[in-house]
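# Summary of the model geometry
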Amino acid sequence: MKVYKMAYLELNNICKTYGQGAGSTEVLTDINLKIEEGEFVAIVGFTGSGKTTLVNLINGLLTPTSGEVLFKGKPVTDTSHERGVIFQNYSLLPWLTVGQNVYIAVKAAFPKESKFNLNKKVNEYVEMVNLTPAITKRPKELSGGMRQRVAVARALAMNPEMIIMDEPLGALDALTRGNLQDEILNIWSKDKRTALLITNDVDEGIYMADRIIPLRPGPKATLGPEFTIDIERPRDKTALNDNPIYKQTRNSIIEYLMGIGNERKAVSESIYELPDLSPKNFVA
Amino acid sequence: MKQSVTLNKTNGKEGTGFLKSFLSKFKMKPFQLDVKDILKKVVVPILSILAFIGLWHAGAKALYNMEATYKIEKALTDQGQEAATAMETCILSGDISCQPNTLPSPVQVWTSFKTLLADHQIISADKIAFKEKTAALNEKRVAEGKEPITYTGRPSFVDQIFTSLKTVFAGFLLALLIAVPIGIVIGLSETLRNSFNWLIQIFKPVSPVVWLLLVFMIVKTMTKDSNQDSAFIISFISVGLCAMWATLVNTAMGVSSVDKDYINVAKVLKLGQFQKVFKVILPSSLPLIFTGLRITLSVAWMVLIAIELLAQSPGLGSFVWEEFQNGANDSNSKIIVAMFIIGIIGFLLDRIMLTIQNMVSFNKNEGV
């Protein structure tokens, strides 16, 4: 028997509309989501389906048009240090070094700590993402993977209770991506923070998350049925390919997403008549 | 293996090996001249300078001949053949009294430049002598509570340059102190931006001359009962007011167009309003602010000459104007000297600003 536990993060009937009146677009409709403490949830969706809007609603940068976001039972009205965010495009401050980028976050999260302790924390988190040699470098001098690691260090250095990741690895090459996935999983499993991952990569979702929820594409995007990933951790990436559960889950998710894609195509009603053309002097 | 290596080393290649290690020790690159590179970066500019001087020389000569022919013809029609011949011999002899007054040649300009420097040396020697002479007297005067006697002789060309630089820096500083804070405030609030936009758009294109007149109206009244030199105050305030618009617009634009990502970071980190402005908004708009300041400085320098000329404030502008009014034999070449000096100083000021800009901003932009 399942014992009812109050959800850690709860989204109730969220709707988000941009603009007003006739020019308005409803991006998200009727989003309902519950995340338990310590869970790792992935939301998979096409680009442009409103994923970033959803993330910004959860971290408090946006407020929903209707419905409510509850974090630990309290409505989210503003950003909070309890929810660390890793942005899609790193969003490092280019005029600060790696160390300073992390420092500004630590300083904001622990304003009463001494400078010595703050610096110690900075070093600790930079060390954690293996960037100690680059601590005095500016973001411009770093590779994409290194930048994303700085963003990870900055988000975690505030010691958030929940990590929200908005396509954190989208812009990276496959190899760096794999490494960072492992790093993020390591950090997550170490002190079992709650994590929400937004991604467009189904494999990434299955490898990392406990649950995957597809986001049906916007406008009027809403969440689809959830898929639970019953694969034991730590997961082995190479062995995963032969895992029957993995295969089955992957197929059903992709089938579902493809189904949405086809549905979307069929929606287009206008038929374009193609001109009947043939190349001139084709034979000659 | 190691033996064969050492064997190879001693095998007659000692000389080059030594040279190589010697070179690497002093971190010298093997002397390799990229001919194309030198051609592009050294030879071509020098050639263009030579071509410029040549063209200038030819043009000046043509104008000189035109003026000379005109003078001779005028003498012929006015006073007859005899006067015309006299004029011709006079011009050919190089006598100062009858030289055609036109665009000076490069040689004349160079001579004037040297004359101006020599003049400066004479005046500064004169100043030092004056100081020595009046030192004892001045001490006495100060002890008695009177004003010390100061040198009131004619300023040299070099003195004028420094006066102009002083004025332009005062004006630049004024522009900076007015435009940057206002720009930041306007940039932060859209309401303020909208309400001040018309004012900026209207006053931005106003000519320096009009600014000078406006400042004159105000300063004249305000300094009515002080015996201060109001010419300097008028000119530096006008320079500042003319030049500040670029900084104002750029600062407001930089502050208002900060990347939304950075603002989101500031929100997620929950930085306070003060910290948000000083740690995120200002650093990210610094490149644009400095672009504005660079434009401001060059505008200030450009406008300064005209304003000094009108305000009768000492400096390069009044130097040029006085020389033009003077109409002496070498006045024209002195004006051209001033022109080059103004250009070179303007260029140097811009370079200095660019260097500072590159030092403080994260965007290393190439100097153009």
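Residues numbered from 1 in each chain as written. Chains lettered and ligands numbered in written order. Predicted model: local features only at pLDDT ≥ 70, side-chain atom pairs only at ≥ 80, totals over all residues. Heavy atoms only, no water.

This brings us to the overall build of chain B. A tally of helices and strands in chain B yields 13 helices and 0 strands. Counted from the first residue to the last, chain B has its helices and strands arranged as α-α-α-α-α-α-α-α-α-α-α-α-α. With 368 residues in all, chain B has 35% of them scored as buried. Of all intrachain contacts in chain B linking residues separated by at least 6 positions in sequence, the fraction that spans at least 24 positions is 73%. Counting only carbon and sulfur atoms, one obtains 67% of the accessible surface of chain B, whose full area is about 23,500 Å². (Helix = DSSP H or I, 4+ residues; strand = E, 2+ residues; numbered from the N terminus. Buried < 20%, exposed > 50% of the residue type's maximum accessible area, 1.4 Å probe, protein only. Contact = heavy atoms within 4.5 Å. Areas by Shrake-Rupley, 256 points an atom, 1.4 Å probe, with all protein chains shown as cover.)

Take helix H8 (residues 208–222) of chain B next. Residue and element names in this part refer to chain B. In a regular helix each residue adds 1.5 Å, so 15 residues correspond to 21 Å; H8 covers 21 Å between its end C-alpha atoms and thus fits that length. Buried residues of H8: Trp211, Leu212, Val215 and Val219, and no others. Where H8 is buried, its residues touch helix H7 (190–203), helix H9 (230–256) and helix H11 (273–311). N-cap assignment for H8: the residue whose side-chain oxygen lies 3.1 Å from the backbone N of Val209 is Ser207. (Expected span 1.5 Å × (residues − 1). Polar contact = N/O pair within 3.5 Å; in protein donor to acceptor, adjacent residues only side chain to side chain.)

Residues and elements named next belong to chain B. Reported here for the largest pocket is a volume of approximately 460 Å³. At the level of elements, helix H3 (35–79), helix H5 (106–143) and helix H13 (331–360) are the ones that each hand at least two residues to the lining of the largest pocket. For the lining of the largest pocket, the element with the highest residue contribution is H3, accounting for 5 residues. Of the residues belonging to the lining of the largest pocket, the class tally is 8 nonpolar, 14 polar and 3 charged. (1 Å grid on protein atoms, 1.4 Å probe; cavity = no way out; pocket = protein on both sides within 12 Å on 5 of 7 lines; lining within 4 Å. Points joined across faces, edges and corners; volume = space filled by probe spheres on them. Nonpolar A, V, L, I, M, F, W, Y, C, P; charged D, E, K, R; others polar.)

Time to look at the interface of chain B and chain A. Counting residues at the interface gives 15 residues for chain B and 19 residues for chain A. Carbon and sulfur atoms supply 70% of the area that chain B and chain A bury against each other, a total of about 1,700 Å² over both sides. Across the chain B-chain A interface, the total number found is 6 residue pairs in polar contact (both at pLDDT 80 or more). Breaking the side of chain B that touches chain A down by element, the ones donating at least two residues are helix H10 (260–268) and H11 of chain B. (Buried area = accessible area lost by both parts, 1.4 Å probe.)

Attention shifts here to the pattern of salt bridges. Residues and elements named next belong to chain A. Applying the stated criterion across every chain yields a total of 16 salt bridges over all chains. Between Glu82 and Lys72 there is a salt bridge whose closest N-O contact spans 3.4 Å. One end of the pair, Glu82, is in the loop between strand E5 (74–75) and strand E6 (83–86); the other, Lys72, is in the loop between strand E4 (66–71) and E5, and 10 residues separate them in sequence. Classification of Glu82 by relative accessible area gives partly exposed; the value is 30%. Taken together, the shared-partner salt bridges in this structure form one network comprising Glu39, Arg211 and Glu226. (Salt bridge = Lys/Arg side-chain N within 4 Å of Asp/Glu carboxyl O.)

The subject of this paragraph is the environment of Val35(B). Locating Val35(B) in the fold gives a position in helix H3. Along the primary structure Val35(B) and Val320(B) are separated by 285 residues, whereas in three dimensions their C-alpha atoms are 43 Å apart.

Next up on the list: a nonpolar patch on the surface. Residues and elements named next belong to chain B. A contiguous nonpolar patch, built from Ile38, Leu39, Val42, Val43, Val44, Ile46, Leu47 and Leu50 and spanning about 670 Å² of accessible area, is present on the exposed surface. For Leu47, the position within the fold is in helix H3. By relative accessible area, Leu47 is classed as exposed at 52%. (Patch = residues over 30% accessible without salt bridge, like charges linked within 9 Å, V, L, I, M, F, W, Y side chains within 5 Å.)

This part is about unusual backbone geometry. All names here are of chain A. At Asn13, a position not held by glycine, the phi torsion is positive, near 45°. With respect to the secondary-structure elements, Asn13 resides in strand E1 (residues 9–18). The phi angle at Ser91 is positive, at roughly 50°, despite the residue not being glycine.

Either a parallel or an antiparallel arrangement is found when strands of a sheet pair, and the pairing is made through backbone hydrogen bonds. The 4 strands lie next to each other as E2-E1-E4-E5 (chain A), forming an open sheet whose pairing is antiparallel. With partners counted over all chains shown, the strands left at the sheet margins are strand E2 (25–35) and E5 of chain A, one partner each. (Pairing = 2+ DSSP bridges.)

Residues and elements named next belong to chain B. The predicted model of chain B has a mean per-residue pLDDT of 84, with 88% of residues at 70 or higher. Confidence scores differ between elements of chain B, with helix H1 (residues 2–10) showing the lowest mean pLDDT of 42 and helix H6 (residues 157–188) the highest of 93. Contacts of residues 1–15 to residues separated by more than four positions or lying in other chains number 1 contact, the stretch itself having pLDDT below 50. Note on residues 364–368: pLDDT under 50 across the span, and 8 contacts to partners over four residues away in sequence or across chains. Of the two predicted TM-score estimates for the complex, the pTM is 0.76 and the ipTM is 0.80. (pLDDT = per-residue confidence, 0-100.)

Quick look at the nonpolar core now. Counting residues in hydrophobic clusters, the biggest one holds 77 residues, and the most contacted among them are Phe157(B), Leu269(B) and Trp301(B). Here this core takes 15 residues from H11(B), the largest share from any one element. Residues in contact with Trp301(B), not counting those within four places in the same chain, are Ser164(B), Leu165(B), Val168(B), Leu316(B), Ile342(B), Ile345(B), Gly346(B) and Leu349(B). Counting residues in each nonpolar core, the second largest holds 50 residues, with Ala209(A), Phe227(A), Leu240(A) and Ile253(A) among its members. (Core = buried A, V, L, I, M, F, W, Y, C linked by side-chain atoms within 4.5 Å.)

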